[in-house]
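Observations on chain architecture
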2 protein chains.
Amino acid sequence: MVHDADHAAQCIKLVPIFQTLSDTERAEIAPLVKQRHFAVGESLFAAGDTVGSLMIVAGGQVKITQIAANGKEQLLYLLNPGDFDGEAALFTNSTRQNFGTALAPTDVCMIRRQDFQKQLQTSPQLALNILNAFGQRLASVAEQSTQATTASIEERLANYLLETAGDKTDDFKLPMKKKDIASYLGTTPETISRKFREFTDNGLIEKLAVNRFRILDADSLAMVE
Amino acid sequence: MVHDADHAAQCIKLVPIFQTLSDTERAEIAPLVKQRHFAVGESLFAAGDTVGSLMIVAGGQVKITQIAANGKEQLLYLLNPGDFDGEAALFTNSTRQNFGTALAPTDVCMIRRQDFQKQLQTSPQLALNILNAFGQRLASVAEQSTQATTASIEERLANYLLETAGDKTDDFKLPMKKKDIASYLGTTPETISRKFREFTDNGLIEKLAVNRFRILDADSLAMVE
DNA sequence: AGTAATTCTTGATTTAAATCAATTTCTTTA
DNA sequence: TAAAGAAATTGATTTAAATCAAGAATTACT
C-alpha cells in the first residue's frame, strides 16, 4: 500500500507551480496535501460550493463546466494530470461558479485554502509561480473568448483539431465526445458532425477509427475561415 | 507644478492592490512608480511589444483591443481609473497580445517589471492582492466567454446595458460608441442599432439624449433571451 | 456657421448555423 | 451476443444575424 506522504510527494513533483521551489519549501508543503479519489462521473465540486481547497489533478481527467443563464451547459476546459483548479476563487472569498466532474477515474491532491494562503506568506517564489500560471490561463481564456466572438464554427473546429492533435498529426484521438466538443465550441452536435464530414470530403482530415483521426492538410486547416 | 512623487503617491492610493499594504510597503513602492501622459487616440502599447511595465490608469480611459485571426478588431475591455493591465504577461516572459489606446486624455502610472517582481519577493500581502485581482479578472473573462458562446446578441446587449447602467438606471451614458459596443459584443453596428430600436419599441429602455438612456423595465431586460 | 467626415439608422437580401425529425452506428450491460 | 441505450449522422426547414446598400443624424474641422 502507498502512503499518503508518497501521494503528496507525487503531487508536488507533478505540478509545475511546485517544481521550481526549494527542497525546504517543498518539505513544508507536503504535509498540507490531502489526496482523494473520484470515480467516473463523480462530482468534485458544484457551483455554489464555497471554495475550500486548491485542487490538483494527479491522474485521470476532469471536465469543468458552467451553466449559462439560459440553462445550457458549456464545457469550459479539461483538467489533465498536473493541471489545477480553484485558484480563481481561492483568493476572492467567493463561491464556485462552475462544476467539476471526473471523466475518468481521477486522483486529486488538495490543499486547504487557509494552509495555502499561509504558505504563500512565506514563499514568494510560490506566489510568482501561481501568478505565472494564472497569467497563462487568463491569456488562454481571453483567446477562447475572442475566438468565440470573431471566428466561425468552422474556424474554431479547425483550430481545435490542430491544437488537439499537437505534433501527432498522423494519428490522434479526440479526448472527448462530439457532444462535448460541440458544447466546448458553443455549437451543436449536428453542426460538428457536418463540419467533420466537410473536412473529410475536402481532404483536410481522415478518419482512422472511431474517435481517431489523421490531419492530411494542416496548412489548409489553419487557413479555414 | 506637481511633483512626480505626488503622482506616485496618488497612483498608489488609487489602486486597490496597494490599498491594504502597510505604510512601510507603500513607501517602498512609491519611488518605483513612473508617470506618463497619453493624448486621445495615442497608443499605450501594441501587440508584439515586450511587457516592460505594469500599467495603472490614474485618470482617463483606455481601451484594450485584440486583432483576431481574420483581421477583425475586438474590444476586450475598458480600463478606468484604478484599473491596471499587463499583469497577465508580467509573469510569463511573453509579449503583449493586445493593443491599448487612450480614449480620453489619460494618465498612467507604470512600474517596471523587474522592480515589481523584486517587490513581490518581500511583500506577500502584495502578492495576495494581485492574486485576488487576477482571480476577479479571470472570472470576468470566463463569464464573457460563456456569454459569447451561449447567449444571443439580444441577451448580451441586455446584460451589457444593465451592467453599464449600474444603479443609475434612470439616466446613464454609454461609455463608448455603438461601433465599439458592437465589437465588444461580437456583432455589427447594424444589429446593435436594430436591437436598441427593438428595446425602445417594447418599452424596455428610453432614449433621453444622444448616448443617454433610461432603463424602464429592468426585470424584462434581465429576462431577455 | 458651414462643410466634410464619421457614425448611426433603416431596408432588402443572403448566409451560417440552429432546430426538428428520422435513421444509423456505436457502446453498454444483462 | 443480443437487446437496450446513447451518441452520431444526415436531411429538411427555420431563424438569427451578417452583409450590402442608401440615406439621416452627429461630430469634427476650418
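Check the entry above for the structure.
Residues numbered from 1 in each chain as written. Chains lettered and ligands numbered in written order. Predicted model: local features only at pLDDT ≥ 70, side-chain atom pairs only at ≥ 80, totals over all residues. Heavy atoms only, no water.

Tallying secondary structure elements over chain A gives ten helices and eleven strands in all. The buried share of chain A, taken over its 225 residues, is 47%. A separation of at least 24 residues holds for 70% of the contacts in chain A among residues at least 6 apart in sequence. Within the structure as shown, chain A displays about 10,700 Å² of accessible surface, and the carbon and sulfur contribution to it stands at 50%. (Helix = DSSP H or I, 4+ residues; strand = E, 2+ residues; numbered from the N terminus. Buried < 20%, exposed > 50% of the residue type's maximum accessible area, 1.4 Å probe, protein only. Contact = heavy atoms within 4.5 Å. Areas by Shrake-Rupley, 256 points an atom, 1.4 Å probe, with all protein chains shown as cover.)

Now for the nonpolar core. Among the nonpolar cores identified, the biggest contains 55 residues, and Phe18 and Phe116 of chain A together with Phe18 and Phe116 of chain B are the most heavily contacted of them. Excluding residues within four positions of it along the chain, phenylalanine 116 of chain B makes contact with Phe18, Leu54, Leu90, Phe91, Ile111, Leu126 and Ile130 of chain B. (Core = buried A, V, L, I, M, F, W, Y, C linked by side-chain atoms within 4.5 Å.)

Here the focus is the packing of helix H6 (residues 124-150) of chain A against helix H5 (residues 113-122) of chain B. Contact pair H6 of chain A / H5 of chain B: the axes reach a minimum separation of 8 Å and the direction vectors enclose 130 degrees. One finds that H6 of chain A runs oblique with respect to H5 of chain B. The crossing of H6 of chain A and H5 of chain B is right-handed. From H6 of chain A, Pro124, Leu128 and Leu131 of chain A reach across to H5 of chain B, where they touch Gln117, Leu120 and Gln121 of chain B. Each residue belonging to the contact of H6 of chain A with H5 of chain B can be placed in one class, and the counts come to four nonpolar, two polar and no charged. (Axes fitted to C-alpha atoms, helices over the stretch in contact; angles between N-to-C directions. Parallel < 35°, antiparallel > 145°, perpendicular 65-115°, else oblique. Left-handed = near helix turned anticlockwise from the far one by under 90°. Nonpolar A, V, L, I, M, F, W, Y, C, P; charged D, E, K, R; others polar.)

Let's shift gears to the protein's contact with DNA strand C. The local shell around DNA strand C holds 18 residues, among which Ile153, Thr187 and Thr191 of chain A together with Ser193 and Arg197 of chain B are the closest. The share of sugar and phosphate among atoms of DNA strand C within 4 Å of the protein is 68%. A distance of 2.6 Å is found between a phosphate oxygen of DNA strand C and a side-chain nitrogen or oxygen belonging to threonine 191 of chain A. Take serine 193 of chain B: an N or O atom from its side chain is 2.7 Å from a phosphate oxygen of DNA strand C. (Near = heavy atom within 4 Å. Polar contact = N/O pair within 3.5 Å; in protein donor to acceptor, adjacent residues only side chain to side chain.)

A few words on the packing of aromatic side chains. Evaluated as defined, the whole model comprises five aromatic pairs over all chains. Ring centres of phenylalanine 134 of chain A and phenylalanine 134 of chain B lie 5.0 Å apart, and the angle between their planes is 15 degrees; on these two criteria the pair is classed as stacked. Placement of phenylalanine 134 of chain A in helix H6 and of phenylalanine 134 of chain B in helix H6 (residues 124-150) is noted, with the two residues assigned to different chains. What makes phenylalanine 134 of chain A buried here is its relative accessible area of 1%. An angle of 40 degrees between the planes, with centres 5.0 Å apart, marks the rings of phenylalanine 196 of chain A and phenylalanine 213 of chain A as tilted. Pair noted here: phenylalanine 196 of chain A is in helix H9 (residues 189-201) and phenylalanine 213 of chain A is in strand E11 (residues 212-215), with a separation of 17 residues, a long-range link. We note that phenylalanine 196 of chain A, like phenylalanine 213 of chain A, is buried. In this arrangement the basic side chain of arginine 96 of chain A is found over the ring face of phenylalanine 45 of chain A, its NZ or CZ atom lying 3.7 Å from the centre. The side chain of lysine 178 of chain B reaches across the aromatic face of phenylalanine 196 of chain B, ending 4.8 Å from its centre. (Phe/Tyr/Trp six-rings, centres within 6.5 Å; stacked < 30°, edge-to-face > 60°. Lys NZ or Arg CZ within 6 Å of the ring centre and 35° of its normal.)

We now examine the interface of chain B and chain A. Counting from both sides, the interface comprises 38 residues of chain B and, opposite them, 37 residues of chain A. When the two sides are added together, the surface that chain B and chain A hide from each other amounts to roughly 3,300 Å², 67% of it contributed by carbon and sulfur. Its largest share of buried area at the contact with chain A, chain B owes to Leu131, Leu138 and Thr149 of chain B, together 19% of the area lost on that side. Linking chain B with chain A are five residue pairs in polar contact (both at pLDDT 80 or more), by the criterion used here. (Buried area = accessible area lost by both parts, 1.4 Å probe.)

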